[in-house]
Number of protein chains: 2
Amino acid sequence: MNVDLSATWQEASRVTLRGRIAVVIDVLRATSTIVTAIQSGAREVIPVETPEDARLAAQETGADGVVLGGERGGLKIEGFDFGNSPYEFTPHSVGGKTVVMTTTNGTRAFAAAREADITFAAALLNIGSVANVLLHEGRDVAVICAGTEGRVSLDDLYCAGALIERIVTPGSDWVLNDGAKLAVHWYGSNTGTSFDVLASCAHGRRLAELGFHRDVEFCSGVDTVTEVPVLKGRSLVSR
Amino acid sequence: MNVDLSATWQEASRVTLRGRIAVVIDVLRATSTIVTAIQSGAREVIPVETPEDARLAAQETGADGVVLGGERGGLKIEGFDFGNSPYEFTPHSVGGKTVVMTTTNGTRAFAAAREADITFAAALLNIGSVANVLLHEGRDVAVICAGTEGRVSLDDLYCAGALIERIVTPGSDWVLNDGAKLAVHWYGSNTGTSFDVLASCAHGRRLAELGFHRDVEFCSGVDTVTEVPVLKGRSLVSR
C-alpha cells in the first residue's frame, strides 16, 4: 500500500485521489475543532469554502439547530455563532446541531479531497483512532496537510508524521512518497513535545499573538478523542 | 534578515519576492546542469518554460553558437542538441555558446522568481560559493525549490537545508519560515551521504530507472564548482 502526502491542499489538487482514502489534517485549528465538535455530539459538520457558502448552506439545510463557525485572519466571521476555537464547540453549544464551518485553509482541504473514496478528519487529538481505522481499511492513503495559505506548515507535517509512523510499522509493506518520508523524519527526529512544535511554528506563534495560546495547547493533546469524523456527502459525521 | 523557503515553484508563486534575493534549486537536474554549463564556459543559459519557447528564443537570439537543451519526462526533446544531463555540457560542447534550456520543473522555477531583485542558480555543486555570495549581500533570501511536478522533492529540500545551514550560523539574526526550518532539520539530522539522499528520493530513483544513475552521482558532488550563475535580463550568466 502507498502513503502519499501533500504538504498543502494546493499540492493535493495535483494528486489522483480516486480509489484512495484521504486524511485531511489542519491541526491549527480546523480539524482539531471539527474533531472536537463531533466528539461533543454535533449531528454533522459541513465544511465549506467561503463565508457566503456557509450562509447559503445554513439556509439550504433548513434544519433546526444550525450554527455557523469559522474564521478569516484567525478571527470569528461577522454574524457567525462561533469562531474556530475548539473550546467553543462544547456538548452544550453544538450537541445535536448542524455546524457549518469555513476556515482559511482547513475546510478548503476537504474540497481538495473531493475525489477520494473515503475522507477522514484527523488531528493530534484523534490520531490513534485514525491510525486504527487506516490499518483496518488497509488501502492506499492520501494524507492532505492543509498548510497555511499555500505554504508548508510544520504543525500539520508533525501530525502527519505521527500518524504515518503509527501505520508504517517495521516489516509492513507501505511505500511512502517524498512528502510522507519527510513528515516521518520531522516527527521522529523531533525532540520537543507536541506543544513545543505547535507553539514554535509560524501558525502557532500567530495564534498566540491573537490571544489563542490556550487553543494551541488544546490542539497539542494527543489521543484525547476517539471520534474519527468521516465525510458522507457534504457532511462530516461520526464514523 | 529572513530566509523564506518554498518547497515547490508553485508555492513560490504565492510569495512576495520584490526586494529579495531568490535562489533557485533543482538538484536533479536543471540547476546542477546550468551550473555545470556556466562552469564549462557557456556565454549564457536562457531558461524558458516550453520547448516551443526554446525554439523561439533560439531564433530571436540569432547569435552564432546557440544550442538547445532540456527534457520532458527526463528524456531529451526531439530536435534538441542536448538533454538535461550535466555530462553533456562540457567546455567542448557549450564553451562560448548560448544554451537555451527548458525542463519540467527547474526552468519554470526561474519564471516564478521573476519579481526578485537578484536571482541565483544553486545546486550542491556550487553551494559554498552561493552561501558566500548570500552572506556578502546580507539581504532577505527566498529559496525556491523547484520540486517535482508540484510535489515536494527531498533532493531539493536537502540542498536548500545545506545552503541555509551555511548562512544561518549560531548567533546570527536570520529568521527562518517553516519551510526553511524544515529543510535545515532534514539536512542536519540526515545521517546518509548526499548521494544516499539523492539516490533514494523519488526523483533519483526515477532517473536511475531511465539510465541516468551517473547523473545522480554527479549531482551529489558538493562544492565542486565555484561559479554562481546570476540572472541578467532573461539570461543566466557568470557572476
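Quick notes on the rules
- The written sequence of each chain sets the order in which its residues are numbered from 1.
- Chains carry letters and ligands carry numbers; both start at the beginning, A for chains and 1 for ligands, and go up in the order they are written.
- Where totals are concerned, whole chains, interfaces and linings use all residues; where local detail is concerned, this predicted model gives features only for residues with pLDDT of at least 70, and gives and counts side-chain atom pairs only at 80 or more.
- Excluded from the side-chain calculations are hydrogens and water; all other atoms, namely the structure's heavy atoms, are used.
- Between two residues, a contact is recorded if the distance between any of their heavy atoms is within 4.5 Å.
- Using a 1.4 Å probe, buried area is obtained as the accessible area two parts lose upon being combined, added over both of them.
- We count a salt bridge whenever a side-chain nitrogen from Lys or Arg sits within 4 Å of a carboxyl oxygen from Asp or Glu.
- Comment: elements are numbered from the N terminus, with helices defined as DSSP H or I runs of at least four residues and strands as E runs of at least two.
- For this classification, Asp, Glu, Lys and Arg are treated as charged, while Ala, Val, Leu, Ile, Met, Phe, Trp, Tyr, Cys and Pro are nonpolar and the rest, including Gly, are polar.
- Classification of residues uses two cut-offs on accessible area relative to the type maximum, computed with a 1.4 Å probe and protein chains only: under 20% is buried, over 50% is exposed, and between them is partly exposed.
- We superpose the copies by least squares over the C-alpha atoms of residues that have a pLDDT of at least 70 in both of them.
- Our arc is simply the arc of the directions from the helix axis toward the C-beta atoms.
- Angles run from 0 to 180 degrees between N-to-C directions of axes, and those axes are lines fitted to C-alpha atoms, restricted for helices to the stretch in contact.
- Just so you know how the angles are binned, under 35 degrees is roughly parallel, over 145 roughly antiparallel, 65 to 115 roughly perpendicular, and the rest oblique.

Attention now goes to the interface of chain B and chain A. The partner chain A presents 27 residues to the 27 residues of chain B that form the contact. Of the roughly 2,200 Å² buried between chain B and chain A, counting both surfaces, carbon and sulfur atoms make up 53%. For the chain B face of the interface with chain A, the top three residues by lost area are Arg151, Asp178 and Leu182 of chain B, together amounting to 31%. Taken together, chain B and chain A are joined by four salt bridges. Here glutamate 11 of chain A and arginine 151 of chain B are joined by a salt bridge, their closest N and O atoms 2.7 Å apart. Secondary-structure elements contributing two or more residues to the side of chain B that touches chain A are β1 (2-6), α1 (9-12), α7 (154-167), α8 (178-188) and α10 (202-209) of chain B. Sorting elements by how many residues they give to the side of chain B that touches chain A places α8 of chain B first, with five residues. Residues that form the side of chain B that touches chain A fall into these classes: 10 nonpolar, nine polar and eight charged.

So, about the environment of glycine 41 of chain B. Residues and elements named next belong to chain B. Position of glycine 41 relative to the elements: it lies in the loop between α2 (30-39) and β3 (44-47). What makes glycine 41 partly exposed here is its relative accessible area of 35%. Residues in contact with glycine 41, not counting those within four places in the same chain, are Val94, Gly95, Gly96 and Lys97.

Here we take up the relation of the copies chain B and chain A. Take chain B, turn it by 180°, move it 0.0 Å along the axis, and it overlays chain A with an RMSD of 0.0 Å. Viewed as a symmetry operation, the transformation between the two copies matches a two-fold axis. Comparing contact sets, 100% of the residues at the interface of chain B also lie at the interface in chain A, consistent with an isologous, same-surface contact.

Below, the discussion takes up unusual backbone geometry. Outside of glycine, negative phi angles account for most residues, and trans bonds account for most peptide bonds. Residue and element names in this part refer to chain A. Leucine 28 connects to arginine 29 through a cis peptide bond whose omega is 0°. Along the chain, arginine 29 falls in the loop between β2 (21-25) and α2 (30-39). Positive phi, close to 50°, is recorded for glutamate 149, a residue that is not glycine. Positionally, glutamate 149 belongs in the loop between β8 (141-145) and α7 (154-167).

Below, the discussion takes up the pattern of salt bridges. Residues and elements named next belong to chain A. With the rule as written, the count across this model stands at 18 salt bridges over all chains. With a closest N to O distance of 3.9 Å, arginine 55 and glutamate 52 form a salt bridge. Here the residue arginine 55 and the residue glutamate 52 both occupy positions in helix α3 (residues 51-61), the gap between them amounting to three residues, near one helical turn. Residue classification places arginine 55 among the partly exposed positions, given a relative accessible area of 33%.

Here the focus is helix α3 (residues 51-61) of chain B. All names here are of chain B. Every buried residue belonging to α3 is among Pro51, Ala54, Ala57 and Ala58, and all of these are buried. One side of α3 carries all its buried residues, which in axial view fall inside an arc of 115°. In α3, the exposed positions angled more than 90 degrees off the buried face are occupied by Gln59 and Glu60. Of the surrounding secondary structure, the elements contacted by the buried residues of α3 are β4 (66-72) and β6 (98-102). Just beyond α3, the residue with positive phi is glycine 62, at close to 60°.

Here the focus is the packing of helix α8 (residues 178-188) of chain A against α8 of chain B. As a packed pair, α8 of chain A and α8 of chain B sit with axes 10 Å apart at the nearest point and diverge in direction by 80°. It follows that α8 of chain A is roughly perpendicular to α8 of chain B by the angle criterion. Where α8 of chain A abuts α8 of chain B, its residues Leu182, His185 and Trp186 of chain A lie against Leu182, His185 and Trp186 of chain B. Residue composition of the contact of α8 of chain A with α8 of chain B, grouped by class: four nonpolar, two polar and no charged.

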